[in-house]
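Here are the chains, one letter per residue:
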Amino acid sequence: MTTPFPDDASLTPPPGCPADGLGLGAGGLRRLYGPEAETDPAGLYEKLRAEHGEVAPVLLHGDLPAWLILGHSANLTAMRTPSRFSRDSRRWTAFQKDQVTPDSPLMPVIAWQPLCVFTDGEEHKRLRGAVTDSLNRFDHRGIRRYVTRFADQLIQDFGPTGRAELVSQFAEHLPMLVMTQVVGMPEEYGPRLVEAARDLMKGTETAIASNDYVVATLRRMMERKRAEPGADLVSWLMQHEAGLTDDEVLEHLRVVLLAANETTVNLIADTLKLVLTDRRFRAHLSGGHMTLPDALDQVLWDSAPMSLVAGRWATGDTELGGQRIKAGDMLLLGLAAGNVDPAVRPDLAKPLYGNRSHLAFGSGPHECPGQDIGRAIAETGIDILLTRLPDLHLAVPEEELTWTSAWLARHLVELPVRFAPRTKPEPEPATAEGAQPTTPPTTPPVSATALPPLPPATAPAAPAATAALPAQRRSWWAVLTRPFRR
């Protein structure tokens with residue numbers, strides 16, 4: 001067992017020291033920020049695994065020390081034993097020694113707030129119970145109706161052009177548009193919230209200002225819902241028998257919005273990338289050998305929407321993964337690293353369709369309470385997109401795709417695609433109250449639809465004719481939910 005942190009681990013290498021340019025800080029510890037971490041986070045995790053094993057000492061912004069958990073089993077131990085590894089960030093030694101500046105990009109993520117994410121025991125049960133009870137009140141068919149409506153709107157915006165950039169024009173907008181409805185916000189709040197959420201999660205210099213915008217927006221919503229409550233998350237949290245304070249309601253709304261948006265954006269983008277670039281993957285999906293939920297599970301293994309989660313704080317001196325952890329030390333849950341741990345995945349090429357023992361949504365008492373909503377948004381959104389645009393193909397060679405990485409997540413920059421241009425469908429004629437549509441939808445689920453083989457990566461010339469998007473064309477979720485749309 002080792003204790004690699006010196007007594008003053010906040011020291012940085014002197015100016016001009018070679019270590020400073022190699023992503024190394026005091027004592028030769030590797031940084032989880034800067035060029036190396038942002039360019040190749042997976043490579044950095046493997047270097048740390050080779051050097052330290054299941055748990056590795058690292059440096060965060062400001063060269064503050066922490067432990068990164070790389071092993072699958074070690075991650076589960078930290079997640080499932082709050083008596084040893086607490087969620088209360090006030091235990092962090094760096095906070096107690098005033099080593100974290102108020103403007104640190106870490107603050108929006110790790111500063112203690114009155115919400116279930118930072119509590120344990122009975123207080124955690126009280127707060128989390130309010131969140132889970134409120135989220136469980138949503139009818140998932142209603143969630144899918146929101147997804148269908150907003151996905152159709154986004155597709156219709158770029159459909160006539162025959163080309164799109166699916167990250168900025170689809171994946172980054174769909175989850176937040178849906179979540180504004182879950183929370184009870186007007187639709188026009190969505191675009192600005194998308195920008196603020198992306199900026200906050202990147203940990204940029206403007207992260208504090210973006211967080212302030214999100215908080216101010218939520219406060220306005222709470223004031224409105226206090227006067228006019230509705231069937232939405234804001235109202236249900238405010239009315240819950242747990243008796244949440246205004247601050248507790250606010251912070252839980254904030255974390256639900258941000259967590260749902262970031263994870264679902266990445267899940268949609270990475271799944272679409274896999275469908276468009278992996279011929280075997282697409283063949284399994286179109287041939288019925290794999291369902292879309294199976295595809296999502298594979299992506300959750302290979303590309304966890306959140307690379308790591310901050311964090312856990314040791315309640316006392318302990319040991320994990322061969323390392324001696326001191327009371328007050330901070331531990332980061334390495335979700336992406338744990339999902340490729342050789343102990344559980346000796347062959348990364350072997351598919352894991354339907355296997356949900358990945359770490360993407362956590363485990364234990366703090367397992368993500370909104371994972372079902374996130375999966376519903378991703379699954380339905382991708383289904384609608386592939387159903388509406390079955391000839392979708394990548395517009396650039398795969399090797400030109402790039403990612404950006406912050407300390408919490410890896411984000412696909414662009415996913416440019418082409419397809420036969422679609423004209424906007426004519427609106428369906430109104431039916432009498434209670435009448436059933438005369439033309440039933442006929443499109444089967446995308447997992448059973450014969451998708452065309454992937455074309456060459458270079459885009460073909462634009463087609464001479466413009467294909468019309470049939471008004472009656474529906475995804476399988478639309479088939480199931482149509483009786484409810486009145």
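Residues numbered from 1 in each chain as written. Predicted model: local features only at pLDDT ≥ 70, side-chain atom pairs only at ≥ 80, totals over all residues. Heavy atoms only, no water.

**Student:** Can you help me understand the overall build of the protein chain in this one?
**Tutor:** In terms of helices and strands, the protein chain carries 18 helices and 15 strands. The burial tally for the protein chain puts 55% of its 486 residues in the buried class. If you take every contact in the protein chain between residues at least 6 apart in sequence, the share linking residues at least 24 apart comes to 73%. A total accessible area of about 20900 Å² is found for the protein chain, and carbon and sulfur atoms account for 54% of it. (Helix = DSSP H or I, 4+ residues; strand = E, 2+ residues; numbered from the N terminus. Buried < 20%, exposed > 50% of the residue type's maximum accessible area, 1.4 Å probe, protein only. Contact = heavy atoms within 4.5 Å. Areas by Shrake-Rupley, 256 points an atom, 1.4 Å probe, with all protein chains shown as cover.)

**Student:** Would you mind going over the packing of aromatic side chains with me for this structure?
**Tutor:** Aromatic ring pairs are reported here in terms of the distance separating the ring centres and the angle at which the planes meet. In this structure the tally under the stated criterion is three aromatic pairs. The lysine or arginine in question, Arg149, covers the ring of Phe150, its NZ or CZ lying 4.7 Å from the ring centre. (Phe/Tyr/Trp six-rings, centres within 6.5 Å; stacked < 30°, edge-to-face > 60°. Lys NZ or Arg CZ within 6 Å of the ring centre and 35° of its normal.)

**Student:** How should I be thinking about the packing of helix 15 (residues 292-302) against helix 17 (residues 371-388) in this particular structure?
**Tutor:** For any two helices packed against each other, one specifies the inter-axial angle together with the distance between the axes. Contact geometry for helix 15 and helix 17: axes closest at 10 Å, N-to-C directions at 120°. When the interaxial angle is binned, helix 15 and helix 17 end up oblique. Helix 15 and helix 17 meet at a crossing whose hand is right-handed. Facing Leu292, Pro293, Leu296, Asp297 and Leu300 of helix 15, the residues of helix 17 in contact are Arg375, Ala378, Glu379, Ile382 and Asp383. Within the contact of helix 15 with helix 17, the residues separate by chemical class into six nonpolar, no polar and four charged. (Axes fitted to C-alpha atoms, helices over the stretch in contact; angles between N-to-C directions. Parallel < 35°, antiparallel > 145°, perpendicular 65-115°, else oblique. Left-handed = near helix turned anticlockwise from the far one by under 90°. Nonpolar A, V, L, I, M, F, W, Y, C, P; charged D, E, K, R; others polar.)

**Student:** Would you explain the layout of surface pockets in this entry?
**Tutor:** Over the atoms rolls a probe the size of a water molecule, and its path tells where empty space is left. Taken as a whole, the second largest pocket encloses approximately 860 Å³ of empty space. In terms of lining residues, the second largest pocket is bounded by 35 residues, among which Lys273, Leu274, Trp301, Asp302 and Ser303 are the most central. Of all elements in the fold, only helix 1 (35-39), helix 2 (41-52), helix 13 (246-277), helix 14 (279-286), helix 15, helix 16 (335-339) and strand 11 (403-405) reach the threshold of two or more residues within the lining of the second largest pocket. The residue inventory of the lining of the second largest pocket, partitioned by class, reads 16 nonpolar, nine polar and ten charged. (1 Å grid on protein atoms, 1.4 Å probe; cavity = no way out; pocket = protein on both sides within 12 Å on 5 of 7 lines; lining within 4 Å. Points joined across faces, edges and corners; volume = space filled by probe spheres on them.)

**Student:** Help me understand the sheet that holds strand 4 (residues 85-86), please; the structure alone is not making it clear to me.
**Tutor:** Two pairing modes exist for strands in a sheet, parallel and antiparallel, and in both the strands are linked by backbone hydrogen bonds. Across the sheet, six strands lie side by side as 1-2-3-9-6-4; this open sheet has mixed pairing. On the outer flanks of this sheet lie strand 1 (30-31) and strand 4, each paired with one strand and no other. The pairing of strand 2 (residues 55-60) with strand 3 (residues 64-69) spans six bridges and is classified as antiparallel. Looking at the pairing, Val58 lines up with Ala66 of strand 3. In the packing of helix 2 onto the sheet, the strands contacted are strand 1, strand 2 and strand 3, and the crossing angle to strand 2 comes to about 130°. (Pairing = 2+ DSSP bridges.)

**Student:** What should I look at first to understand the nonpolar core in this one?
**Tutor:** The nonpolar side chains of soluble globular proteins are, as a tendency, buried together. Counting 130 residues, the largest nonpolar core has Leu166, Phe170, Leu174, Leu332 and Trp407 as its most contacted members. Take this core: its biggest share by element is 15 residues, from helix 13. Residues contacting Leu332, with those up to four places away along its chain left out, are Leu32, Val58, Leu60, Ala66, Trp67, Leu68, Ile69, Leu308, Val309, Ala310 and Trp407. (Core = buried A, V, L, I, M, F, W, Y, C linked by side-chain atoms within 4.5 Å.)

**Student:** Hey, could you run me through empty space enclosed by the protein in this one?
**Tutor:** Under the counting rule described, the total for this entry stands at three cavities of 30 Å³ or more. Approximately 940 Å³ is the volume found for the largest cavity. Elements represented by at least two residues in the lining of the largest cavity include exactly helix 5 (107-110), helix 6 (121-136), helix 10 (190-202), helix 13, strand 6 (309-314) and helix 17. Considering every element that reaches the lining of the largest cavity, the biggest residue donor is helix 13, with nine residues. Residue classes in the lining of the largest cavity are distributed as 32 nonpolar, nine polar and five charged. Roughly 50 Å³ of volume is contained in the second largest cavity. As for the second largest cavity, its lining consists of Leu32, Ala37, Pro41, Leu44, Tyr45, Ser307, Leu308, Ser405, Ala406, Trp407 and Ala409. Residue contributions to the lining of the second largest cavity peak at three residues, all from helix 2. Among the residues forming the lining of the second largest cavity, the class breakdown is nine nonpolar, two polar and no charged.

**Student:** Just to check I follow, could you spell out the side chain of Glu165 for this structure?
**Tutor:** Within the secondary structure layout, Glu165 lies in strand 5 (residues 163-165). Within the structure, the side chain of Glu165 is placed 2.6 Å from the backbone nitrogen of Leu415, a separation counted as a polar contact. (Polar contact = N/O pair within 3.5 Å; in protein donor to acceptor, adjacent residues only side chain to side chain.)

**Student:** Looking at this model, I keep getting lost on the pairing of strand 3. Mind explaining?
**Tutor:** In the case of a regular strand, side chains alternate between the two sheet surfaces. Within strand 3, six of the six residues are buried, which leaves the element mostly enclosed by the surrounding structure. What you see with strand 3 is no split at all: Leu64, Ala66 and Leu68 on one side and Pro65, Trp67 and Ile69 on the other are buried throughout. Here strand 2 folds back onto strand 3 in antiparallel fashion, the turn holding three residues, of which Gly62 has a positive phi close to 80°. By the bridge criterion, three bridges tie strand 3 to strand 9 (residues 330-333) in an arrangement that is parallel. Paired with Leu68 across the strands is Leu332, a residue of strand 9.

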